[in-house]
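If you want the building blocks of each chain, they are given just below.
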Amino acid sequence: MIKHHIHPEILMAYAAGNTTPSVSLIVASHITFCAECRKAVEVYESIGGNLLENSETVEPSLSSLDNIFIKIDNIEVEDTFNETTTKNRFFNNIPSVLSDYLPDGNELTEKWKRGIGGIKYFDIDLGDFKQNTHARMLSIPPGKKLPHHGHESQELTLVLHGGFRDENGSYNVGDVAIEDENNLHTPISDPKEGCVCLVVYEGKLKFKGFFGPIINILNK
Amino acid sequence: MFLENSFETIGLSAKLSGINYKPEKTYKLLKPAVKDEELTNLISLVASNKDRVAFSNLFKLVGPRIKGYLMKLGSNDIIAEDLLQEVMLTVWRKSETFDRRKAAVSTWLFTIARNKRIDMLRKEIRPQLDPMDPMLTPNQEEAADEKYSANQESIKINDAISMLPDEQAKLIKMTYYEDKSHSIIAKELNMPLGTVKSRIRLASSRLKKLLEGHLHD
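The following refers to the structure shown. All figures in this text were calculated on a predicted structure; none of them were measured in a lab.

1. Section: the overall build of chain B
Then comes step 1: For chain B, the count of helices and strands is nine helices and zero strands.
Then comes step 2: Here chain B, with 217 residues, has 36% of them falling under the buried criterion.
Then comes step 3: Excluding contacts between residues fewer than 6 apart, the proportion of contacts in chain B whose partners are at least 24 apart in sequence is 64%.

2. Section: the sheet that holds strand β8 (residues 188–189) of chain A
Residue and element names in this part refer to chain A.
Then comes step 1: With respect to topology, three strands assemble into an open sheet ordered β6-β5-β8, the strand pairing being antiparallel. Two strands close off the open sheet at either side, each with one partner strand: β6 (169–171) and β8.
Then comes step 2: Note: strand β5 (residues 164–166) against β6, three bridges, orientation antiparallel. Of the residues in β6, the one forming a bridge with Asp166 is Gly169.

3. Regarding the packing of helix α4 (residues 77–94) of chain B against helix α5 (residues 105–121) of chain B
Helix packing for two helices is described by the angle between their axes and how far apart those axes are.
Residues and elements named next belong to chain B.
Then comes step 1: Direction vectors running N to C along α4 and α5 enclose 125°, while the axes themselves pass 9 Å from each other. Here α4 is positioned oblique relative to α5, judged by the angle of their axes. When you trace α4 past α5, the crossing you get is right-handed. Contact residues: α4 offers Leu83, Glu86, Val87, Thr90 and Val91, while α5 offers Ile112, Ala113, Lys116, Arg117 and Met120.

4. Some details on the interface of chain A and chain B
Then comes step 1: Between chain A and chain B, the residue contacts involve 51 residues of the former and 69 residues of the latter.
Then comes step 2: For the side of chain A that touches chain B, the elements supplying multiple residues, two or more each, are α1 (8–16), α2 (21–33), α3 (35–53), α4 (64–82) and α5 (96–99) of chain A.
Then comes step 3: With 15 residues, α3(A) is the largest single contributor of residues to the side of chain A that touches chain B.

Parameters at a glance
- Residues numbered from 1 in each chain as written.
- Chains lettered and ligands numbered in written order.
- Predicted model: local features only at pLDDT ≥ 70, side-chain atom pairs only at ≥ 80, totals over all residues.
- Helix = DSSP H or I, 4+ residues; strand = E, 2+ residues; numbered from the N terminus.
- Buried ≥ 20, exposed ≤ 12 C-beta atoms within 10 Å, placed from the backbone.
- Contact = placed C-beta atoms within 7 Å.
- Pairing = 2+ DSSP bridges.
- Axes fitted to C-alpha atoms, helices over the stretch in contact; angles between N-to-C directions.
- Parallel < 35°, antiparallel > 145°, perpendicular 65-115°, else oblique.
- Left-handed = near helix turned anticlockwise from the far one by under 90°.

Below, the structure is given as C-alpha cells:
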C-alpha cells in the first residue's frame, strides 16, 4: 500500500504537460505503483480533454488529409524495419518507464558510479539541467543514518527498493517523499535492505533533501 | 461532443453571465454522447481494419477541433497544421491503444496533442507511464455496470471548474490553456512560487474530489 503520494498540483501539471522531463519521470514511475495517483492523473487529463472538446474549430488546410496519408504510407515502411528494436527492460522490479533510462547489467547498480560509504549513484540525463532540474538514482547501504538537515527547493524521492524512515514515518517501495520547505530530517535507510531510490530535485547541484548530504559529498 | 456550440460550454458561459445553468435540456444532452460513440466506432475501425475511410471521417469530425485547440494554446496556423497532422498520424498508429472504458475520445486526443507539443515545440523528452508495464498495480475496483458517459463527464468538469474560487480557476486555466509551469505562473502573476503551488494544490484536490467516481459513471 502506498502511504506517501505525489501532491495533486504536481499530478495536474504532469497531466497538463508542463512538468520538466525529470519530474515527469518520477511521476510516471510513482503512478506505476500507485493506482490512486494514476486515477488522479486520468481525472486531470479529462480536464484537458474537456478543454479540447470545447475549443473553437479551425478548418485544416485542404491538403491536410492527403499529407497525413502520405506520412502514413511512409511510416508503415519504417515500422516494419523498426519493429524488432526493443527497449532496455533488464530489471523487472523497476517501472519500465524508468528502466528505459538506466544502464543494463546483471545487477541494477552494476554500472553505477561508486561513492563513499558504499553508496552508488547514476545520473539520468533528460536534458533539463537548463531548467535546473536533475534526476539521480541512489543506492544507500542498510542502516545508513544521515545528519539533521533542511532544504530549500523542491525535492522528490521515490523508493524503488528497501526504504527509509525519518521523524515523519517510514517510506517503502512506491512511496514518494516530497520536501519543499525548511523541515529538518534525520533519515535512516532500511536496516536490512538499504534503499534504492530515484531523486529529482530543482535548483543547483546542492541537495538539501532526504539524502542531500550524501549527494553533496558525491558531487565534490 | 465536437459539435458547434455544444451544450457543454453552456455551463461555464452561464456562470460567467450570471444566468442559472439548467441541466434539464435532455434533447441536447443526448446528441453529444452519440457523437462520442460514433468517434469510438471510427477509431475501432481504424484499429482493427486500418480503415482509411473511417480515418477520413474521423479526421473530418475531430481535425478542426484539434487545430482550434492547438491555436488557442498559441500556435500559429502553420505550426498548428503541422502538429495536427502529427497528432492524426499518432491516432492512426496508436488507434489500438484507445480504450473507451478508460477515457473519452477527447481525453485521448488531448494526451496525444499534449505529447506532440512537448516533443515538437519544446523538443523535450516526456517520460510517461507504460500502460503495459507488468509492474502496474491493479486499478481500484470499479463496479462492472458502471457505464461511461462522455457527455456527463463534460458537464461535470465544467461545473466543477466553475465552482472554484475565481483565483483558483484562473490558475487552472493558466495551467491548461496557457500551458504554463508553476514557476512561470508565479513570475507572471508576481506571486511567490509557494503560493501558486498551494493554490493549485487546493484547486486540484477539490477538482479531484468532485470528479473522481463520476468519470466513469
